[in-house]
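# Structural description and commentary
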Amino acid sequence: MTRKPLFLILLSFSAAFLGGAVALGLKPATAPADTPHFHTVLEHQPAAVELRPASNSTAAPDEAASAANLTSLPDFRGAASRALDAVVHVRTAQQVALRQGWSDWGSLFQPSGPVQVQTGSGSGVILDARGYIVTNHHVIEGADVIEIGLNDNRTLQAELVGSDPTTDIAVLKVAPSDLHALKWGDSDAVQVGDWVLAVGNPFDLTSTVTAGIVSAKARDLQLLRPDFDRSLFPVESFIQTDAAVNPGNSGGALVDVSGNLIGINTAIASKTGSYAGYAFAVPSNLAQKVARDLIEYGAVQRAFLGVNITPVDEPLADRLDLPAVEGVLVTGVTSGSGAAAAGMAAGDVILAVAGTPASTVPQLLERVNRFRPGQTAEVQVWRDGRTLPIEVQLTARGDWQEDRAAWGAETAPSDAMEGTALMYGCRVGGAENVPSGVVVLAVEPGPFSKAGVQKGTVIQSVNGTPTPDVDAYVRAVETAIREGDVGILIEGVDRTGKAVWYGLDMD
């Protein structure tokens, strides 16, 4: 009888011991609330990402699939790997004479003294196995020595093949030596919201990759400098992205998620000189054409339509019955140009070139600059309420001369002339030795100033009605107002003889 109570005591003690051990083993699951759970959450994230509707879910299958796609991210590793091997570090050196001291009397006013070496750093992209590299013009401008650093730590000397300041594109050449090139992508196919990678060497940090999305297209920043000596003007139609770009990224690659080159990183918008959320790249379709020209000819082969243009605003779109506020209005056609030979006329609205939309002036300039003189492009225009395709053989600027009206600023009348009229803040008067029309003598705040009408402009028609004198002008404006026209179309020429169109918003 004494053994049984002892056995029960031992059994109870063993049960208590085992229960305590189990409780100790489960303690981490009831850890204090301030204990981090990052590893646990991350470990289970893949299962959470793959969203599947429950058997009793009321969501439609395509809605559930869309929800699943929204939670997935692209894999950047393949694109980054390809781009890193093809993006190079461009280092430059330039000798600059210090303006210190003067030479002897025999060469008075000639600077002499020590020479300072200025260095620069940027990026570039290998185009092919032959050793051609594309970068920005501003990266290598004025450089005496150009050195290329590869991703495998090799260093090569480079020579300049050619450079184009109006598109900020330059091409370098190194000796071929087991080089990895990037494949050109189609920048026209890039859409706002697409994922992109920016690859380069910011702040001398070699082989740096950042990710973002395409924020906008066809940005005109008025960043590049014109070449007045050769009558060449900047072509800006940048791809905007929020991928981080900093000094040193210039000339580097903007690639899509497949690793295709869709742009050459060129500029940032910043008040401090460092990245502030806005970066810009030359579209690959334009950069590719410029690079090919530089390689084959040493200079860019530029084609021209031969038209004067202005953006389409809302009053113009209303007056021309355009289905949308888009396109580029032709205000004049140059005699002898491809546009003149093809039958383009003032009043046409250019909507597309070679099947690619040209909704703005930057887009149109970029599209035309992809062609070489002698090539033919289909230009889609809006005329008389319908879309019309026109085949234009593009020409070089030297093949034709711009027409100028036989009048200038010195023939513009003074404000003191009699026979003037003041309507809606714009005073006009008649004058001799000017194209048929009335001359703008003064512009006060109102619809004319808002539309950009300048003093000295000759107004030749109002809503298509000729205005050879002040009386005709007054009647035309009064008729337009009486008929309830919210938008009035003004046609004429500016003080240089260039055709101009203005859309007045009378609402």
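Residues numbered from 1 in each chain as written. Predicted model: local features only at pLDDT ≥ 70, side-chain atom pairs only at ≥ 80, totals over all residues. Heavy atoms only, no water.

Moving on, we come to the sheet that holds strand β3 (residues 132–135). The strand order around the closed barrel formed by six strands is β1-β2-β3-β6-β5-β4, and the pairing between neighbours is antiparallel. Recorded for the sheet is a direction-independent mean angle of 40° between the axes of neighbouring strands. By the bridge criterion, four bridges tie β3 to strand β6 (residues 169–173) in an arrangement that is antiparallel. If you follow I133 over to β6, its bridge partner there is L172. Those strands touched by helix α4 (residues 77–86) are β1 (87–97) and β2 (115–126), and its axis lies near 30° from that of β1. The strands that helix α6 (residues 284–297) touches are β3, β5 (155–164) and β6; relative to β6, the one it contacts most, it runs at about 50°. (Pairing = 2+ DSSP bridges. Helix = DSSP H or I, 4+ residues; strand = E, 2+ residues; numbered from the N terminus. Axes fitted to C-alpha atoms, helices over the stretch in contact; angles between N-to-C directions. Contact = heavy atoms within 4.5 Å.)

Let us now look at the pattern of salt bridges. This structure, assessed with the given rule, holds twelve salt bridges. For R77, the salt bridge identified is with D75, shortest N-O distance 3.0 Å. On the basis of relative accessibility, which here comes to 66%, the residue R77 falls in the exposed class. On the basis of relative accessibility, which here comes to 45%, the residue D75 falls in the partly exposed class. Through salt bridges that share partners, D188, E366, R367 and R370 make up one connected network. (Salt bridge = Lys/Arg side-chain N within 4 Å of Asp/Glu carboxyl O. Buried < 20%, exposed > 50% of the residue type's maximum accessible area, 1.4 Å probe, protein only.)

Here the focus is the sheet that holds strand β8 (residues 208–219). Spatial ordering of the closed barrel is given by β7-β8-β9-β12-β11-β10, a layout of six strands whose pairing is antiparallel. With direction set aside, neighbouring strand axes in the sheet form an average angle of 45°. Here β8 pairs with strand β9 (residues 238–241) via three bridges, running antiparallel. Across the sheet, the residue bridging to V214 is T241, located in β9. Across the sheet, α4 lies against β7 (195–200), β8 and β10 (253–255), angled at about 30° from β7, the strand it touches most. Along the sheet, α6 contacts β11 (261–268) and β12 (279–283); its crossing angle with β12, the most-contacted strand, is approximately 50°.

Before going further, it helps to examine the pairing of β8. One ladder, built from six bridges, connects β7 with β8; its direction is antiparallel. When the bridges of β8 are listed, L197 appears paired with A211.

Residues at a pLDDT of 70 or more form 75% of the chain, whose mean pLDDT is 78. Per-residue pLDDT stays below 50 along residues 17–59; that stretch engages in five contacts with residues further than four places along the chain or on separate chains. Contacts for the low-pLDDT stretch residues 399–417, under 50 throughout, to residues beyond four places or in other chains number 42 contacts. (pLDDT = per-residue confidence, 0-100.)

All right, on to α6 then. With 14 residues, α6 ought to run about 20 Å at 1.5 Å a step, and its terminal C-alpha atoms sit 19 Å apart, in line with that. Where α6 is buried, its residues contact β5, β6, β11, β12 and α9 (361–368). (Expected span 1.5 Å × (residues − 1).)

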